[in-house]
Amino acid sequence: MKPRSLFDSSPTPPLLSRGEAKALADRVLGMAKADDTQVNINSDWEGNTRFAGGEITTSGESTDTGVTITSTIGKRRASATTNILDNASLRRTVDLAERLAKLAPEDPEAMPALGPQTYTPVNAFIDATANLGPEGRANAARKVIERAGEVGLEAGNVFVAGFLDVNGGTRAIANSKGLFAYHRSTDVNLSTTVRTPDGTGSGWASAGARDWSTLNPGALAVRAAQKAVASRNPQAIEPGAYTVVLEPQAVADLVPLLGGAFNARSADEGRSPFSKPGGGTKIGEKIADERVTIYSDPADSDLLAAPFDGEGFPIGRHAWIENGILRNLTYSRFWAQKKGVAPTGGGGGFGGFPGGLKMAGGTKTTDEIIAGTQRGILITHFFYIRALDPRTVLLTGLTRDGTFLIENGKITRSLKNFRWNESPLFMLSKIEEIGRAERTSAGQVMPTIRAKDFHFTSLSEAV
Amino acid sequence: MTTSRRDFIRTSAVAAAGVAIGSRTALGAPLARVQPPGSDPFIESLALEGLNAAKAAGASYADVRIGRYRRQFINTRERQVTGVADSESFGIGIRTLVGGSWGFSATSVLTRASVQQTAQDAVRVARAAKTVQRHPVQLAPVAAVKGSWMMPITRDPLEVPIEEKVALLLAANEAALKVPKVRFVNSGMALLREEKTLATSDGTLVTQTFVRVGPQFSATAINNGDFQSYSEEIAPRGQGWEYIESLNMPGNAERWASLAAEKLTARSVEVGRYDLILDPTNLWLTIHESIGHPTELDRAMGYEANYAGTSFVSPPEKYLKKFRYGPDFMNIQADRTQEGSLSRTAWDDEGVPADNWLLIKNGIFNDYQTTREQASWIAPITGVKKSHGCSFADSWGTVQFQRMPNVSLLPGEKDLVLDDIVAATDRGIVIKNRGSWSIDHQRYNFQFSGQVFYEVKGGKITGMLKDVAYQARTPDFWNSMDMIGGARSYWLGGSFGDGKGEPGQSNSVSHGAVPARFKQVNIVNTGRTS
């Protein structure tokens, strides 16, 4: 049930060790005839347990190992993927990638393959997580259900739902120029939603980590249940621009969505919020409150992200926004060369920020920030966020599972949920307080934020 | 190294006795002709091995799915190809019921020993789940069936030479780049062929082949620090290459791109209430979000509470056969048999035959979407004891659960088209194509946008608008519908990527619609700059 070695006598599929991944990559490279060949190997195990109505509804486990072969012939390139790992299947997949590459038109932006690289070692694989089997997951689900039931009892028999998801994975990249990169990691996420039997209250809490032993299912259940009880009988207030206190999970719903906008090429091409009128980018300009610092660093002990991207390019620490100044955008190797700057890795940024994401926090707890708030709205998390305008990263979405009015430093009322139309970029310019940062999921750290003039546009009856 | 794989290929070739190995397994090698593939004795014996091992380990019920997914993606920008990628994924998923609790396990290693181990793992997962159980699962009856089926196509998109695909896309881009101010064009296509064998301990053994294609096109125009994009609403379909050819992307791209340029000069909308005329290219997604999802029975019962949310159409006893969703002429059909649609099938992942039924009948909420586990929950109200056949998994590696069938607005009796509705409207806005979409977790409050917006005054289109989104409450919105098009104006849209469940799964689903008018809908402006 847990990840096992490829050479384990058990037939259960593997998470490849470094040596096993290297051997598999060498086997593929030995079959290749293209000018350049890159092999990406992903070996994954997942175990999950889902619950609702106080019982486990579905649970399962899955293992898979995939090999992607990218062949470059001159400036022509294509890739083919298989998860059938015998020599015959690997050979025909290599052949297919090479055949497709020959048929593809020349890519004027094709960059030469990287030679051997040096990577910062990142230990992101935790045995306690990898060993969390179905019995352990069921026990955690039971604990959440029982604790939430106890705490929620004052509202009656609460409805408890949730999800515990555990992943182990290895990533390996090798190419015909001698590059070899290997990284393995675990992550686990536990979330729970508690609903009151009258249908008017709902609370949610979530936590994620590389290390299962750092999560506390009981504490999570208590938080969600307390929110459910407190959120009963929400009242409507007029939509409009309000000061908001966003808990770290709510900040985590918004700030990472800036990732796409950080693509340097789009900025240079004039189709990004970071395009400078008349040409160029806004790097070096103030784009946020001076207390805002956002960076990626795979070796940061709170992040522990993969230290290389999909091409095997090493990922280091990158400050994106530092003290409110736009410090960098994500540069692919091609665009970096064209612009004469250093690439950041991450394939140019369409996939978001490479190397985890951390928004630097302050010292105040969420409670202390609430206590210092004259009038505002406390947000637990957001739902169904979609882009409205790429020029400003204007988004729409809804509040969910615990929205409260703060008056004179105290939570005074449960509020009906809102739809909002707002940009995280606008929000980062309207910061009043930045509180303590915490890990919101594996590879991500976000603080509590108080910001003014957050635009709520309509009410939602949804509980 | 995995000798197991080599064993499998060898065994498969031998077992298939005469079927060329290349035609069944080789990536890129000639695929089976466009006809239902015959049975594969090795695959079937492996499936039965899984069933037997699950039963021996203590399962009261088990099903085994062996799936092979082949996908190809081609993406371009302007005059270059940005990606050509081909992938295959092959594996087995085993679901077991032990003492009324589900357990699931999946592996990509297809040897007998691995399949036996996976079946035992699935039973172990189910036993663990049984320790946190309140209501044992009960399955609705279904007749055992044996057979095979393939989505009808005339040309397998994965067999079309890559040069032909690239040439089509680059020709479309070239045409688009003729339009002044259009600087960027992206086009692409996603092509899928999925072979799936299902065996259940009830005696069902079926093999199905699905083919789906999803072309894309968008253009961006730039002008003095402003930019506007336009994405053509090209519906993905459960069809072959013939569908992509029928779109004539190279012949239409210039017209599509000119809309991006025209948006640069469009007037920003004034907020307020307007009569809203939605083209089917926009309305299909509104149907999906505000009718498709709330009528999923697992949502209504709280099974999605921790993620996608619940439903305002709940509890069933309060809403079924009573709740007025919209006007009398509103009929919403769920259908897994519709030609060309994405969720067309012969049997679902529990072996239940494809069904079609009305979710909304003459404006009244009539029925939910169900699986075998769910049918009995509402049978006393609906009188329907069988499953509607909505159980699907997006991969061999994920467990099947309730997924949306094609859900469509049936045409009205009058032979009206969009122009007729415009002509009958004094002050309104026409919206085409999907833009931004967002809806709350009980499916009440939604806000949808589009790609192009036209102002209507005195029965005529008077100009283009921008920054438009409509925001409404689902029951108010549908009850404000006062005109719909006839059969001639019906169009089938859809999505490859409908997300639901934890861990998240992606479902392909189509939605048919006719143009429709909605009275006095709230219009918001999305063009804020600070």
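Above this text sits the structure in question.
Everything quoted here is computed from the prediction, not taken from an experiment.

What follows covers the overall build of chain B. In terms of regular secondary structure, chain B is built from 13 helices and 25 strands. By the compact-globule yardstick of 24 Å for 530 residues, chain B fits well, its C-alpha radius of gyration being 25 Å. Overall size of chain B, expressed as C-alpha extent along the three principal axes, is 70 × 55 × 45 Å. Taking all 530 residues of chain B together, the buried fraction comes to 66%. Considering only contacts within chain B whose residues lie at least 6 apart along the sequence, 75% involve residues at least 24 apart. Carbon and sulfur atoms make up 51% of the accessible area of chain B, which totals about 17400 Å². Separation of charge centres in chain B, based on 58 positive and 54 negative side chains, amounts to 3 Å.

As a measure of interface size, the accessible area lost when the parts come together is often cited. At the junction of the two partners, chain A supplies 95 residues and chain B supplies 94 residues. Between chain A and chain B, a total of about 7700 Å² is buried, with carbon and sulfur atoms accounting for 52% of that surface. Sorting the residues of chain A by area buried against chain B places Arg 50, Arg 271 and Arg 391 of chain A first, and these three jointly supply 9% of that buried surface. Where chain A meets chain B, there are 8 salt bridges. Of the charged contacts, one joins Arg 77 of chain B and Glu 269 of chain A as a salt bridge, the two residues approaching to 2.7 Å between their closest N and O atoms. Taken together, the links from chain A to chain B amount to 46 residue pairs in polar contact (both at pLDDT 80 or more). Among the elements that line the side of chain A that touches chain B, the one with the most residues is strand S2 (residues 55-73) of chain A, at 11 residues.

All names here are of chain B. Between its first and last C-alpha atoms helix H7 (residues 249-263) spans 21 Å; for 15 residues at 1.5 Å apiece the expected length is 21 Å, and the two agree. Those residues of H7 lying buried are Met 249, Asn 252, Ala 253, Trp 256, Ala 257, Leu 259, Ala 260, Ala 261 and Lys 263. Where the residues of H7 are buried, they touch helix H5 (162-177), strand S5 (182-200), strand S6 (205-223), strand S7 (226-231), strand S19 (452-457) and strand S20 (460-466). Capping of H7 at its N-terminal end is provided by Asn 248; its side-chain oxygen lies 3.1 Å from the backbone amide nitrogen of Gly 251.

Moving on, we come to the pairing of strand S16 (residues 431-441) of chain A. Residues and elements named next belong to chain A. As paired elements, S16 and strand S17 (residues 444-460) share 7 bridges and run antiparallel to each other. The residue bridging Ile 434 from the neighbouring strand is Ile 449, located in S17. Between the end of S16 and the start of S17, which pair antiparallel, lie 2 residues, with Gly 443 showing a positive phi angle near 85 degrees.

So, on to the pattern of salt bridges. A full pass over the atoms with the stated rule returns 58 salt bridges over all chains. Between Arg 375 of chain A and Glu 407 of chain A there is a salt bridge whose closest N-O contact spans 3.4 Å. Taken together, the positions of Arg 375 of chain A in strand S12 (residues 375-389) and Glu 407 of chain A in strand S13 (residues 394-407) put the pair 32 residues apart, joining distant regions of the chain. For Glu 407 of chain A, a relative accessible area of 26% gives the class partly exposed. In this structure, Arg 267 of chain B and Glu 455 of chain B form a salt bridge, with 2.6 Å as the shortest nitrogen-oxygen distance. You can see Arg 267 of chain B sitting in strand S8 (residues 267-268) and its partner Glu 455 of chain B sitting in strand S19, a full 188 residues away along the chain. The class for Glu 455 of chain B is buried, based on a relative accessible area of 14%. A single network of salt bridges, built from pairs that share partners, joins Glu 109, Arg 265, Glu 269 and Arg 271 of chain A together with Arg 77 and Glu 78 of chain B.

As enumerated under the stated definition, the model contains 32 aromatic pairs over all chains in all. Between the aromatic rings of Phe 312 of chain B and Phe 323 of chain B, the centroid separation amounts to 5.9 Å while the plane-to-plane angle is 70 degrees, which identifies the pairing as edge-to-face. Here Phe 312 of chain B, found in the loop between helix H9 (297-300) and helix H10 (316-319), pairs with Phe 323 of chain B, found in the loop between H10 and strand S10 (332-335); they are 11 residues apart in sequence, far enough to count as distant. Just as Phe 312 of chain B is buried, Phe 323 of chain B falls in that class too. Judged by centre distance (6.0 Å) and plane angle (15 degrees), the ring pair of Tyr 470 of chain B and Phe 477 of chain B falls under stacked. According to the relative accessible area criterion, Tyr 470 of chain B is buried, its value standing at 0%. By way of ring pairs, the aromatic residues Tyr 242, Phe 382, Phe 418, Trp 420, Phe 454 and Phe 456 of chain A are connected into one cluster. Over the face of the ring belonging to Phe 184 of chain B we find Arg 271 of chain A, whose NZ or CZ atom lies 3.8 Å from the ring centre. When the ring centre of Trp 102 of chain B is taken as origin, the NZ or CZ atom of Arg 95 of chain B, which lies over that ring, is 3.8 Å away.

Residue and element names in this part refer to chain B. Taken together, 4 strands build an open sheet; the order of strands is S12-S11-S10-S15 and the sheet is antiparallel. Each edge of the open sheet carries a strand with a single partner, namely strand S12 (364-365) and strand S15 (406-409). Contacts between helix H8 (residues 280-292) and the sheet are confined to S10, strand S11 (356-361) and S15, with S15 contributing the most and set at about 115 degrees to the helix.

Glancing now at the packing of helix H3 (residues 41-56) of chain B against helix H4 (residues 112-130) of chain B. Residues and elements named next belong to chain B. Direction vectors running N to C along H3 and H4 enclose 35 degrees, while the axes themselves pass 8 Å from each other. Judged by the twist between their axes, the crossing of H3 over H4 is right-handed. Contacts from Phe 42, Ser 45, Leu 46, Glu 49, Gly 50, Ala 53 and Ala 54 in H3 reach Arg 112, Val 115, Gln 116, Ala 119 and Val 123 in H4. Class assignment of the residues belonging to the contact of H3 with H4 gives a composition of 7 nonpolar, 3 polar and 2 charged.

Turning to the packing of helix H4 (residues 134-152) of chain A against H4 of chain B, a few remarks are in order. Packing of H4 of chain A against H4 of chain B brings their axes to within 9 Å, and their N-to-C directions diverge by 20 degrees. As far as their axial angle goes, H4 of chain B and H4 of chain A are roughly parallel. The way H4 of chain A lies across H4 of chain B gives a crossing that is right-handed. In this structure, H4 of chain A uses Pro 134, Glu 135 and Ala 138 of chain A to contact H4 of chain B, whose residues at the interface are Arg 124, Val 125 and Ala 128 of chain B. In the contact of H4 of chain A with H4 of chain B, the residues fall into 4 nonpolar, no polar and 2 charged.

Rules behind the numbers
- Residues numbered from 1 in each chain as written.
- Chains lettered and ligands numbered in written order.
- Predicted model: local features only at pLDDT ≥ 70, side-chain atom pairs only at ≥ 80, totals over all residues.
- Heavy atoms only, no water.
- Helix = DSSP H or I, 4+ residues; strand = E, 2+ residues; numbered from the N terminus.
- Rg over C-alpha atoms; globule rule 2.2 N^0.38 Å.
- Buried < 20%, exposed > 50% of the residue type's maximum accessible area, 1.4 Å probe, protein only.
- Contact = heavy atoms within 4.5 Å.
- Areas by Shrake-Rupley, 256 points an atom, 1.4 Å probe, with all protein chains shown as cover.
- Lys, Arg positive; Asp, Glu negative; His and termini not counted.
- Charge placed at Lys NZ, Arg CZ, Asp CG, Glu CD.
- Buried area = accessible area lost by both parts, 1.4 Å probe.
- Salt bridge = Lys/Arg side-chain N within 4 Å of Asp/Glu carboxyl O.
- Polar contact = N/O pair within 3.5 Å; in protein donor to acceptor, adjacent residues only side chain to side chain.
- Expected span 1.5 Å × (residues − 1).
- Pairing = 2+ DSSP bridges.
- Phe/Tyr/Trp six-rings, centres within 6.5 Å; stacked < 30°, edge-to-face > 60°.
- Lys NZ or Arg CZ within 6 Å of the ring centre and 35° of its normal.
- Axes fitted to C-alpha atoms, helices over the stretch in contact; angles between N-to-C directions.
- Left-handed = near helix turned anticlockwise from the far one by under 90°.
- Nonpolar A, V, L, I, M, F, W, Y, C, P; charged D, E, K, R; others polar.
- Parallel < 35°, antiparallel > 145°, perpendicular 65-115°, else oblique.

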